[in-house]
Every structure is written in structure tokens, then in C-alpha cells.
Amino acid sequence: MHLKYESFVREPLVDGDKTYRQVTEDIVSPIEKKPGRMWYIGFFFSICLLCFGVFSVFWEVYFGIGVWGINRTIGWGWDITNFVWWVGIGHAGTLISAILLLFRQGWRTGVNRAAEAMTIFAVMCAGQFPIFHMGRVWDGFFVLPYPNTRGPLWPNFNSALLWDVFAISTYFTVSLLFWYSGLIPDFATIRDRAKTKLRKRLYGLASFGWTGTAKNWQRHEALSLVLAGVSTPLVLSVHTIVSFDFATSVIPGWHTTIFPPYFVAGAIFSGFAMVQTLLILVRKILHLEEYVTLGHIEAMNKVIVLTGSIVGVAYLTELFMAWYSGVQYEQAAFQWRIMGPYWWSYWAMMTCNVVSPQFFWIKKLRRNVPFTFIMSIVVNIGMWFERFVIIVTSLYRDYIPGSWAYYSPTWPEVGFYLGTFGLFFTCFFLFAKYFPVIAIAEIKFVLKTSGENYKKKMEVIETKSTEEFVHEQMHAHH
Amino acid sequence: MSQKQYWKGLDELNNTDAHKEVVENEFRESLPFDVSDSLLGSTAPRRDFLKYLGFSTAAAILAASCEMPVRRAIPYAIKPEDIVPGVPNYYASTFTDGGDYCAVIIKTRDGRPIKLEGNPKSSITKGGTSARVQASVLNLYDKARLRQPQADGKEASFDAIDRQIKEALTANARPAYILTSSILSPSTKEVIAQFLAKYPGSKHVVADPVSYSGMLMANEASYGKRALPSYHFEKAETIVSLGADFLGTWLSPIEFAKQYSSGRRISAQNLKMSKHYQVESVHSLTGANADHRATCRPSESGAVAVALYNAVVNGTVPSFGSKKLNEVITKAAADLKKGNGLVVSGSNDVSVQTVVNAINDKIGANGTTINWGVASNYKQGIDADMVALVEAMNAGQVGTLIIHGLNPVYEYHDSKKFVDGLAKVPVTVSTADRMDETAQKVKFVIPDHHFLENWGDAEPKTGFFSLQQPGIAPLFKTRAFQDNLMTWAGATGTYADFWKQYWMGKLGSQANFDQTLQEGILEPAAETISGAAFSGNVSDAIAKVSANKVATGMEVVVYQKVAIGHGGAWSNNPWLLEMPDPITKATWDNYAAVSPLRAKELHAELNGQNEVDAKKHVIKVKAGGVEMELPIVVVPGMHNDVVAVALGFGRDAKVGRAAASDATKGGKNAYPFTSFNGQTVMYTAPATVEETGKLYDIAITQTHHSYEGRPVVHEFTAEEFAKNPNALIEERFEEIGKFTALPWSEGKKEEGHKEENAGEMAEKMDEGFRENGTMFPNYDNEPSHQGIHWGMSFDLNSCIGCGACVVGCQAENNISVVGKEHVAKAHEMHWIRIDRYFSGMPEDPDSIQTVFQPMTCQHCDNAPCENVCPVSATNHSSEGLNQMAYNRCIGTKYCANNCPYKVRHFNWMDWNGADCFDDNLYEDGRRDDMNDDLTRMVLNPDVTVRSRGVMEKCSFCVQRLQDGKLNAKKAGRPLIDGEVKTACQQACPTDAITFGNYYDKESAIYKLRQKDQKERLFYVLEQIHTLPNVSYLAKVRNTDEIVAGNEKLDGMMNEHI
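Rules used throughout
Residues numbered from 1 in each chain as written. Chains lettered and ligands numbered in written order. Predicted model: local features only at pLDDT ≥ 70, side-chain atom pairs only at ≥ 80, totals over all residues. Helix = DSSP H or I, 4+ residues; strand = E, 2+ residues; numbered from the N terminus. Buried ≥ 20, exposed ≤ 12 C-beta atoms within 10 Å, placed from the backbone. Contact = placed C-beta atoms within 7 Å. Nonpolar A, V, L, I, M, F, W, Y, C, P; charged D, E, K, R; others polar. Core = buried A, V, L, I, M, F, W, Y, C linked by C-beta atoms within 7 Å. Domains from an automatic or database assignment. Pairing = 2+ DSSP bridges. Axes fitted to C-alpha atoms, helices over the stretch in contact; angles between N-to-C directions. pLDDT = per-residue confidence, 0-100. Parallel < 35°, antiparallel > 145°, perpendicular 65-115°, else oblique. Left-handed = near helix turned anticlockwise from the far one by under 90°. Bend = angle between axes of the 7 residues up to and from the residue.

### Examining the overall build of chain B
Scanning chain B from terminus to terminus reveals 32 helices and 41 strands. In terms of its C-alpha atoms, chain B occupies a principal-axis envelope of roughly 115 × 90 × 65 Å. Within chain B, the fraction of its 1057 residues that count as buried is 57%. In chain B, of all internal contacts separated by at least 6 residues, the share reaching a separation of at least 24 is 75%.

### Focus: the interface of chain A and chain B
Put simply, an interface is often sized by how much accessible area is lost when its parts join up. Between chain A and chain B, the contact holds 41 residues from the first and 50 residues from the second. Secondary structure elements with two or more residues in the side of chain A that touches chain B: helix H2 (37–63) and helix H6 (160–193) of chain A. Here the residues of the side of chain A that touches chain B sort into 21 nonpolar, 16 polar and 4 charged.

### A word on the nonpolar core
One finds B:Leu308, B:Val355, B:Val621, B:Val643 and B:Val645 to be the most contacted residues of the largest nonpolar core, which totals 440 residues. Among the elements that make up this core, the one with the highest residue count is helix H9 (residues 259–285) of chain A (15 residues). In this view, B:Val355 contacts B:Ala305, B:Val306, B:Tyr309, B:Val538, B:Ala541, B:Ile542 and B:Val545; residues no more than four positions away in its chain are not counted.

### Topic: the domain arrangement of chain B
Taken domain by domain, chain B holds domain 1 (150–211 + 381–453 + 479–489), domain 2 (213–376), domain 3 (551–700) and domain 4 (715–973 + 991–1037). Taken over C-alpha atoms, the centre of domain 1 of chain B sits 36 Å from the centre of domain 2 of chain B.

### A word on the environment of B:Ser222
By secondary structure assignment, the location of B:Ser222 is in helix H7 (residues 213–223). For the pair B:Ser222 and B:Asn537, spaced 315 residues apart in sequence, the C-alpha to C-alpha distance is 7.3 Å.

### Concerning the pairing of strand S18 (residues 464–468) of chain B
All names here are of chain B. S18 sits mainly inside the fold: 5 of its 5 residues count as buried. Covered by surrounding structure in S18 are Phe464, Ser466 and Gln468 together with Phe465 and Leu467, the residues of both alternating faces. Sheet analysis places strand S17 (residues 456–461) next to S18, joined by 4 bridges and oriented antiparallel. Bridge pairing in S18 links Gly456 to Gln468. Between S17 and S18, which pair antiparallel and follow one another directly, the connecting turn spans 2 residues, one of which, Gly463, has a positive phi of 90°. Alignment of S18 against strand S19 (residues 521–522), held across 2 bridges, turns out to be antiparallel.

### Concerning the sheet that holds strand S22 (residues 592–594) of chain B
All names here are of chain B. With respect to topology, 6 strands assemble into a closed barrel ordered S20-S25-S22-S24-S23-S28, the strand pairing being mixed. Averaged over all pairs of adjacent strands, the angle between strand axes in this sheet comes to 45°, irrespective of strand direction. Where strand S23 (residues 615–623) meets strand S24 (residues 626–634), 6 bridges bridge the pair, whose relative direction is antiparallel. Paired with Val621 across the bridge in S24 is Met628.

### Overview of the sheet that holds strand S3 (residues 112–118) of chain B
Residue and element names in this part refer to chain B. Read across the open sheet, the 3 strands follow the order S1-S2-S3; overall the sheet is antiparallel. At either margin of the open sheet sits one strand with a lone partner, and together these are strand S1 (89–97) and S3. When strand polarity is set aside, the average angle formed by the axes of neighbouring strands in this sheet is 40°. Across 9 bridges, the pairing between S1 and strand S2 (residues 100–109) is antiparallel. The residue bridging Tyr91 from the neighbouring strand is Ile106, located in S2.

### Things to note about the environment of B:Ile114
Residue and element names in this part refer to chain B. Tracing the backbone shows Ile114 in strand S3. On the neighbour-count criterion, Ile114 (23 C-beta atoms within 10 Å) is buried. Between the C-alpha atoms of Ile114 and Pro88, which are 26 residues apart in sequence, the distance is 9.5 Å. Once you skip the residues sitting within four places of it in the chain, Ile114 turns out to touch Lys107, Thr108, Arg109, Val137, Val938 and Asn940.

### Observations regarding the confidence of the model for chain A
Mean pLDDT over chain A: 88, with 98% of residues reaching 70 or higher. The element-level mean pLDDT for chain A is lowest in helix H17 (residues 452–463) of chain A, coming to 76, with H2(A) highest at 94.

### Topic: the pairing of strand S40 (residues 1030–1033) of chain B
All names here are of chain B. Of the two faces of S40, the one holding Val1030 and Tyr1032 and the one holding Ser1031 and Leu1033 are both buried throughout. Sheet analysis places strand S39 (residues 1017–1018) next to S40, joined by 2 bridges and oriented antiparallel. Its bridge partner lying in S40, Phe1018 is registered against Tyr1032.

### Details of unusual backbone geometry
In this model, A:Gly151 is joined to A:Pro152 through a cis peptide bond whose omega is -5°. Relative to the helices and strands, A:Pro152 is located in the loop between helix H5 (108–132) and H6. You will see that B:Trp588, though not glycine, has its phi angle at about 65°, which is positive. Structurally, the position occupied by B:Trp588 is in the loop between strand S21 (586–587) and S22. Phi is positive for B:Leu1027, which is not a glycine, with a value near 50°. Examined against the element boundaries, B:Leu1027 turns out to sit in the loop between S39 and S40.

### Quick notes on the packing of H5(A) against helix H15 (residues 411–434) of chain A
Residues and elements named next belong to chain A. At a minimum axis separation of 9 Å, H5 and H15 run at an interaxial angle of 150°. Put simply, H5 runs roughly antiparallel to H15. In terms of crossing hand, the pair formed by H5 and H15 is right-handed. Across from Ala117, Phe121, Ala122, Met124, Cys125, Gln128 and Phe132 in H5, the residues of H15 making contact are Phe416, Thr420, Leu423, Phe424, Cys427, Phe428 and Phe431. Classifying every residue of the contact of H5 with H15 by side-chain character gives 12 nonpolar, 2 polar and no charged.

### A few points about helix H24 (residues 758–772) of chain B
Residue and element names in this part refer to chain B. If you look at H24, its biggest bend is around 40°, right at Met765. For H24, the full list of buried residues reads Met761, Ala762, Met765, Phe769 and Asn772. Tucked into the core, H24 has its buried residues touching helix H23 (727–736).

### Focus on the packing of H9(A) against helix H10 (residues 294–325) of chain A
Residues and elements named next belong to chain A. One way to put it is that H9 packs onto H10 with a least axis distance of 8 Å and a crossing angle of 150°. One way to sum up the angle between H9 and H10 is to call them roughly antiparallel. Seen from above, H9 lies across H10 with left-handed handedness. Here H9 contributes Tyr262, Ala265, Gly266, Ile268, Phe269, Phe272, Ala273, Val275 and Gln276 to the contact with H10, which in turn contributes Ile297, Met300, Val303, Ile304, Thr307, Gly308, Ile310, Val311 and Ala314. Split into classes, the residues belonging to the contact of H9 with H10 amount to 14 nonpolar, 4 polar and no charged.

Written out as C-alpha cells, the structure reads:
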């Protein structure tokens, strides 16, 4: 008998009495059934938001960026704030799938599928903002380095904004591939269970003729590792490059070397918070509490308290550096962040990002689902404010007092943001309906070592003496 | 035809077989397509199919997507000799508006005037202009202009109107009156005289919308002539202005600004500088430039003049409640007594002006700074005459009233009485160019030409002539005012003929006439300054002034804005409406300007938090039975008991779309606050103010007032500067000196900058910092210094903040008008802005010091905007220009964010119809006429009209630079310094802008930076190593103390207002 033993100190990753069949049944049956009322309501609202977003963007593209509140002094407002926010959220997925895979964190299996989906949708949402913040979006392709008859004229490789184009598109492509390659065996499972022709055909197409042979699995595993290897640096690079948009500038509050690590930590922070928000809803609605356990939630809360503290240290470091630098513009920039007309955004950020995650030092709160849910939203509000603080409150009072200004968003800006929520949740609802929200194959992989019922079977072994156990093992195959 | 044969080679000459074959198979390759008959029938090869598919798809896409609008350009059937398409023509002419005068040069392109420049040949305006002069070309294309004469509100022919008027004039027993504003034109005066002679009993009444009759009458009493003298601010060492805004709106601001600035051009070699005292109630442009400024109540202004008189004559120390006021008067009196003083007063009170005349007499100004030998003709109106006319009208004693250049229904202090009187005059005529308030109430409207359509002349000062030639034929069925009079007087010929005869007669020969017309100016060789004997009754004047009670409550002051002035057609000029007021930086509206202390009491406190809010508290101002609701704009430096309201707003809808006012837009008419005191019109009145709880949006371009003590502006007192002219060099070196040499380079001393002299420091900063202030290699800076490197310098001492450059730039560079709503959103497009900073204690108006800093693209050689653009739409030229490629710009706005000077302007909306979307043109009801086909005739064809979604900014007028370079190249010589001027530089009335090729060692900009002004030179934010090509010269105030940045004195900085 092959034995994989896992210590009892580790809590089970799958609760309840599960067999492989039961796992398949639990995860695939929502796909095969008609969705519930909640799904329809949620989907309807998402579509409504999406339509409002499309209308807002149409309004802006048709009449001009002037329908937004950004201005001469504050050239980026909600648009880039939301961009950075969504990109940040898009970090958790790849972190979970790639880095945690490389670190062999078994608990990732329960959440990686949804987290990766979230990443992809979040990056899709994020991408809208740099596209539609352009004054002439129809000429947006100028940023691509394609051979042309204009000289040829190339983009400016010095510009951090151009690096963004590459960073985001690479990240999106790799994340999508990673996610999709993980889905293939699961699609095959659905195909094999399919009772309607259409479903069989569509999932058959989607599963690329997966047959589950050893060769299939071997290649699949190899691809996963390669993609994990490729995406690992991406997790760090994307937000590093996003931070370069600011760090390579001359604006006090932007021009700082702390930004790359600070942004990456913040991104992971907000990404995990978003995963929490989504999974707490999904496990409730799709009754997947046994797959997304309190253990999972707690593990992610630990990441949140860690990254939240890193972010907090970064905030304090910024303040220290402003003082220590002796540069009056830098000092004033932070003074205006904290005490200027935008003081509320700074303090909202500080409260949500630095103070509130500290509650997660308490184990009871880490394992408290409603509290975690509220905190996950608070964290993302805080992270939104962080980006707003960095972008708007650095620009609004910079070098020349004569050009200082103020900024408030207008309805098309807010509408655009809401629209990306629409896009995100529309995608997510479709994902929850048509895709296995938990990686079936990967759950099965850990089931027999980390499933609750299997762990219980180990109890027998625990009671045995060492000699007895060794003896049994020696003779098991004979 | 020649029989000669030409051959391409030996092959052809010998005509070998091989050659024949080659010729036959010239196109040896078959066409890429299979075009045989069997094409459709045959199984086309896959490649061909793809080719066809590709081509047809591409063709279909091209055909479907590229909708090319048909634009018709009609060429000349017979081309005029002097019009070459694409080449501008220049004509010397004269700008007049009432008595406002400026000698100009009209730039026409393809027959349309598109820009006005100052005429440097004029000894009066010396090439300077004002915002209004710059904007006047837009009035030519004003859509609200009348296109034909009107009778009883209906279109009518000139003949019909002429017949009726002639009949009335001959038949009517009651006399005819010609009511005009001040007329500078001698030939027009002649025409009027002829008319008056033809109709005995008829009279000519002169009135001015904003009256100077107090001065005229005082001068009559003091010197026996009802005239204004010529002032010479350039000769004055001490200038005392009692409420006269001589740099902004008083009498002849362009002339005075030129003179004034020449007396204040200080350098380390020439430390002489005039001293300017200002006592006023509001915060005027002139007050903002003063060295010593104190405020007084408007009702105290007479007492201030008396106190100054007593201080000058007896050395009496004044005893006003305000310590600063007493101090300023005492000091001013002491300085005036040193000689070369000049006192001017903005009061329209005869007694006050008499006292001022007495002071000028006592200090010997007559004959030194005041020239009585040459009279200024700018203002000739006498209020009492106008009042008498209105009385006569009401009494039914006026038969015909011809109104020219005035709009009394709007401007007269008792509008109702005028309207009533008008109804009793049988024949009323207005020559208004639009259906203004008066034109709507008269029987006949015969619109006058715009000055750019008309012949004419001006005699701004006696003996100083200026000819006016048109830049374009009249656009509409309009007729010159002079032609009206000549027609009605039965004269033959037109005014143009008369004018020509008049000048031919004066000039003698056609050659003289041509030359004078070309130069535009006919002036005596030199102005000899002579005095006049003062014979005024000072004691009587003092008694009268003292009899006036000083008010106790609030007082309202009616003032003119630098841009809009008295109103008139300016009220409908979008360029002027959008020009930020020099002091308040507000656009598109008038408002109640009150001091911070008063605003606080009215719950509209100014602080760092609320300044950004466009919503302003509305107060109700009551004075002399008139009530007006006006939003508060807080102006540091206003007297605490004064509320100031600008003229020129609150116009009727027919004045134009931009001017039209109602409760939600366009401001209020402040003329009803004026009153007649029995002698002259008064522009102040006791008032009460109360809160209304309402809010009203005011679009203000600059919402922060203090420069926070930052080294973006440098100020010194004259004394400090004289003591250590190198202070600024040392200060700069302290900041960047460390980076002027590499740490390991030879000669680098440890913390050694103290030992170096200023010359070395300046030199190091000039070159060393450029090289060594960065870790990157420097490719731009060729040590040879050959070719061209453009540079500009703003002299903060000369800049008075008048805004002429802002409008001049707008006219030259087709800068869009964005309208009030978008100005409020900080979406304005001006390529050059003037940052105005206040320092001092907000609650103490006398402590406020003001500095104006023109801010435009700095054309950084290490530009932060250039390296962040993802598509290289903004890049650097080899001549140091930071360029914009509009077609390449995709509008990420990254460059604007990364610009430390915030001088990049984005096309937020489709301001001008240049973008390809239908029906998305931005319209707000007020600025829309800018996009009318008529108004667009003002556009400069040399400058691209930018479409929506692209960034734009100052280009250093690259079209002018290019033109200048090409001219030099054609002439086969290097560019001469001063040959090209930027629009802002040309517009500037104070020569505050120096521009040229920095690599040319003979250029003014090189000399200024390297020699003459190196002590005052600084670059804004030079420590961030942007290497700007725009430099500044520090402001030197001839005062005791610099308030800005002083923690004890600068409350504006401490409170971050």
C-alpha cells in the first residue's frame, strides 16, 4: 500500500467525507444544474453595471476626457487609480498558482482556480483604464512597436507607460495560459459526465481531447511547472513596472525608490482580500464550504496581515524619507497628503490598510467568516485609497503653488469604475456557472493526504507503535 | 524640333540584339495576378485567391472608412497684386476705442486681419499693446455685429434712413445733438464741425463711459486749460498714485506701462529704480506693482490727497486711523520733495484733482514729469454736459440725437432717465456695431465699421498723429460714422476721400502721404517738456474735500477690469472674458471683491481648504437704492470696508452670446452704483452688504495665493540688492553648487563654495551643472555652441501682470476658448499664464505684497515630459525647443503630470470642431460663436488647430522662428537677434520678455544671462535638473522689507492660503 502521511497538526484541506466521485459531483453538479435565483439576480445586476460602464465609456470617448473631472494639474484621477487597483487585485491569482505551487503549498488547491479567474478578470478590468484614459483611443495602437511607414516610427522605450503595455499584456497572456491549462483536465471531466450533446461538444472542444493518459498528465504537470516558473517573476515584475509609472517621474510623492516592493506588497494585500471576498461568497452560494475551509481563509488572512504590515511600514518609510531627505517639495507633498484638502483620503488609507488588518493577529478573528468578509472589503477600500492618495494627492499640490488644483470625479468616471465591476462580475458569474470553480483534479491530488476523512483513517496508524507500523509497511506488498 | 538624338548607353547607340530584346521585354515579370479569361472558370490558385481577398477587403475598408469631407478652396479669379497666398501682409494702423489709443500693425493673411502687433515707431506706445488691443481683432469677426442698418428694429436701406434723417434735420425746429465718446481723430472732428456748421444750433456732446471730467475741470481751474497733460513716468523717481490704476486701466495704460517699466529696470550695474507709492481702496494692478502700498476708504481718498499736500507743504504728519497709511503718506511726501516726483489720482472729484495738481506744482512735477506743452487727448468728456443733455432730452428740447461710441442706456448712471429722455427725442440714431442696450431703444441704427475696416486717424497727444488704414473691406453693410455725418450734412464724396484730402493737405505730397501711411505715425522729432503755472484755489479745494464726510459702513467701488474695461464690445469678446483677471484670476463673471477679513465675517472665509471650491457665497450689495446679488471673491489687499464690483458685465442678450447675462451667467451691471454729485460722476458709494445663503460658481484659474516661500520666485529689496547683488548667485550655488563638478574632478574643493567668487559660481552653474548634475551622458550640449539655441527670459521686475501676452499668444496660436464651466474645472488652454502670488497678512490689506510670474513651457533641455511619452509625441529639437507632434499624441496626459511647471494643456473636449466625430463639439451657450465660420476667420493659418484628445503647450511660436530662419536663409545671412519675436514678447507693453538665440553671443538673451543681469538670473526649479531654456530675473522691490517667506510677516504662507 502506498502511503502518504500528513501530520495531524495540519488541518485537513478538504472537510467532510469525500470520495473522488463525491468531489466531482460537488464541483461539477452546479455546472450541470440550472443556476439558482441568486445567480440570476447577481448576473442581472452585473450586466446592468456593465452596460452603464459601457455607456459611460461611450460618453467619454465621444465627447472627450473633459467629461471627467481630471484637469491641468491632476492629469490622472480615478482612471489610473482604478487601473492600479485592479492590477493589484490581479496579483493574488498568479501568486497563488505560481509561487505557492513552487513552494508546494497544498492549501492553494482549494482557491487557486477562482483566484486565477479573478486575476484574469481583474487584469481585463485594469486594462480598460489605460486604454480609455487616452485622449485619442482610436490611435492607441501607436504604443505597439509594429513596423510602419512613418519612418518607421517606434514607441519611446524610455517611457514607463510603454513598459506597462508589455508588462500587463505579458502578464495577462501568461495568466490566461496558466489558468486554461489547469482547466483542461476538469473540462474533460465535465465532458465525460455530459448528458447533452451540446455540452459534450463544447466541453470536448475546450478540453482539447484530453484523455487522461499518463502522457497527458505528465505533459500537463510539466507545462504547469514551466508556466509557474514563467509567471513567478511576472508576479513581481507587473506591479514593479506599474510602480515605475510613478517612480520614474519627477513629482514629489512619486519619485521614490521604495515603490516597487511597496506596490508588490500592496498588490498581494489587495489581491488576497479580493480572493477572500469572492470565495466567501462562492463557498456560501455554491455550498463549497468543505473545499474552501476555515483553514484556507485563515491562511489567506495571514498573508493579508503580513502584507498589510509591509504596506504600513512602507507608508511610514515614505514619511521618514520625506523628512530625512530635507527636500522641501517632498516634505510639503506629504504634508499636503496628510493635512491638505485631501486629508480624508490619506486617513482612510491609513485606517483601512494599516490599522484594521492588525486584527488578524487574533486567531479567532482570522477564522471568523463574517469578520473576514468585512475586512476583505475594508482592505480593498483602503487599497483603492492608497492608489488615489499616491496619484491625486501627489499631483494636486506639487512644485508650483500657482497651479495647485483640486479634483472630484464626475459621473462618467464613476460609471466607468462601476462598469468594470460589471465586467468583472459578469465574467465571474459566467465562470461560476460554466467553469469548475475549484480545481477538481488538484483537489483530488491532495484529497487522500489532506482530506478530512482520509486523515481520520490515519488515526489508526497514529495509535500504532513504531515497530508495529514498520512491520506492517514492510510486509504490505507481500 | 531638334534632330539631335540622345541615348542612354552604348547598348542603345549600337542597338544590339540583346538590347532590342531588353526593350521588348521591358516589364519582364508577369503581373502577379492570373488575369486570363479562364480566371473565373479556372480553379484559382490559393495564393491568388488570398491576394484578391486581401486586396478587396483592404479596398473595401479604405473606401468605407475614409470619409473625406469635400472642402472647397476657391482660388482668385484675378489675383490681387499684393496678396500671395501663405504670405502675410502688414499694414500700420491705429487702434482706438473711445479715447483708448494704440499704434498697431495689422497682420493680414489672404486678406483677413488675424493679428495686431504694436507699432514700435510710435513714441507713445512704443510697440506695446494691451490685452484689449490684442483681442480687438476678434471683435471684427464678432457674430453679434449688425450686418445692415436698422430702422425701428427692422432692416432698412441707407437711402431710406438717410432720407428720413435729413428730413428730420432740416424740418425739426429743435436742435440736433451728436453724443460721442472722446474722439481722437482730427479729421472726424472736422467732419463733426462741418455738420454742426450745416445745422446751426446743433451741438456735439462728449462723454466717456468712465469719466475723467474731474481731472479736466480741475486742470481748467488750475491751469486754465480743459486738457490732460502728458505724463512721464519714466522720468519720475517717485511715483505716488492715489487710486489711479495707470498700469491697468487709467488713461493710457500701454503708454504708462512702457514708461513705468523703463524706470524700474534694475541691474547690478545700474541700481537706479523709481519708487512707487500707491494708496487705494481696491487692489488694482497698479497697486499690486507698488513698492509701498496702503489702503484707505474710498470716501477718505480726498483726505489722503489733502494729507499728502499738507505733508509736502508743511511736513504735517497725517493722522489717519491706519498707521501704514500715515507712514506711506509721510514717506511719499519726503521722497516727492527730493524732486522728479509725480502724483496721479484716479479720483473723478474736481477738488481732489485740484489738490493733486497743487501737490504736483509744489514738488515741481510740472515741466519735469508732467508736460503741459503736449496735451493728452485721451479723455474729453464732461459729465455735466451729458447730464445737461439728458435734462434737455427730458425737457423735449432735443430734435435729433446721434449717439456714437457710447451706450448710455447701459453706462449712464441714471439709465432710466436717459431712456425716458430718449423716448422724447423724435429722431434717435445709434452707430453701435451691435444691438446693444441703447441701439435697441433708438429709431435708427447705422452700424459703424470696425476700426480694422475703416480709414481714420488719431491725435492721442497734441501734435502726435497716427494714421488708421483698414486691413479688410467692410464685412457687412456698415457705414462709417463720419460718412453718416457727411451724408446728412450734404457733403459730397465719402469720408475716405475726405480723409485722404485732409492728409494730403497736411503732408503735401503723395510720397509723404505714402510714407506716413506706411509708417502709420507722424510725430514731432522730440517731445519738449514744459510746465504750466498753477493758479488753482487749493484752500477752497481742501475745504471742499474736508467737507465730505467719511463713511462709516461698507463702501462700494466700481472699477474697470483690465480685460473688459468699460464694457462696450469687449463684453462679448471670449478671449477677454476668459483672460484671467490679473488680480483675482477670475474669468467670465464679475463679482463682489472683498477682503479676507470681511469675507470671514460674511462666512466666506478664505483658507487653504475652501479656496479650491468654485462655489462662492453670494451677498447682496445695496448702495444708493440699487440692490445687486453678487458672489464673493476674496481678494487680499482690499480695504476691509470696501466691496468692489467690475464694470462691463450684466449685458443684454443682443450684445452677444458671450456677453449675455441672466441670473445664472454673465455677471451684473455695476454702472447703477455710480452717481452724479452735481459736478462729476462718482464711482464709489456707501453700501451695505448682507448674506443671502446662495452660492454661485466663479471660474478662477489660480486657487492658491501664496508661493509658500518656495524658491520658485526670488525677491529682494533694492537695498538688499545694492548691498549684495550676488546674493541670488550664492543662494543658487548653495543649492546646486555641489553638482557643478564631479567629486573627483580636479579643482573641486571640499565645501569650498564660500571661497569662490560670484563670477566663478555663475559660470560653473551655467555649464558645470548641465554636465554634472546628472549621471547620464549629455548629448545635447555641443561645446561648439553653434547654430541656434532658443532662450527666453522673464523679468519679474518689469512684468506688471497685465495679461497682454496671454491674449496675444491666444491670437497667434489659435488657442481655444473653453468656457466658464471648463475653466472652473482647470481645463483652460492658455499657453502662457501669469501666476500671481500674494504674501503678507490676509487680514491686513496694507501688508500685502504681490508678485506676477509669467509661466509657460520652459522648453527644458532635460525635459521630464519628453521621456515619459510612450509614443514620443513630445520631443526635443536641436534648437532647444520642446516640440509637440499633435498627430502622434494619443493623450495619455503622462507628460502633463510629469511637468513640474504644469504648463501642458490638454484638449479635454472638442473645443473647435477639429476632431472627426459628429455632433460632439463642446457648446456652453457663451463661447460657441468662436466656432462660427465668421469668427474662425481670425485663425492663424500657420498654426494647427488642435483636435480633441491631444496635448498642447507653448511652442516658442515655432512658426515665427521658422519664418525668420527661412528669411535669413533666403537672404544668405545668419539670423539677426531680434528678427524673430514671440507673440508674448511682442505683445508685452513693458518689455519684460527677452527672447533670442542663446548661442549668439551678440544676442540680448546671451548678454542678459551672461553679463547684464547675471546677478538676478534664476531658473525655476533648476535643482531638479530640468535645464529650462526659460530664465527669470528676480524681482527687486524698492521697499523696506520682503514679506514673502518671512515667517513673522507672511500670514498667507503660514496659513497656506
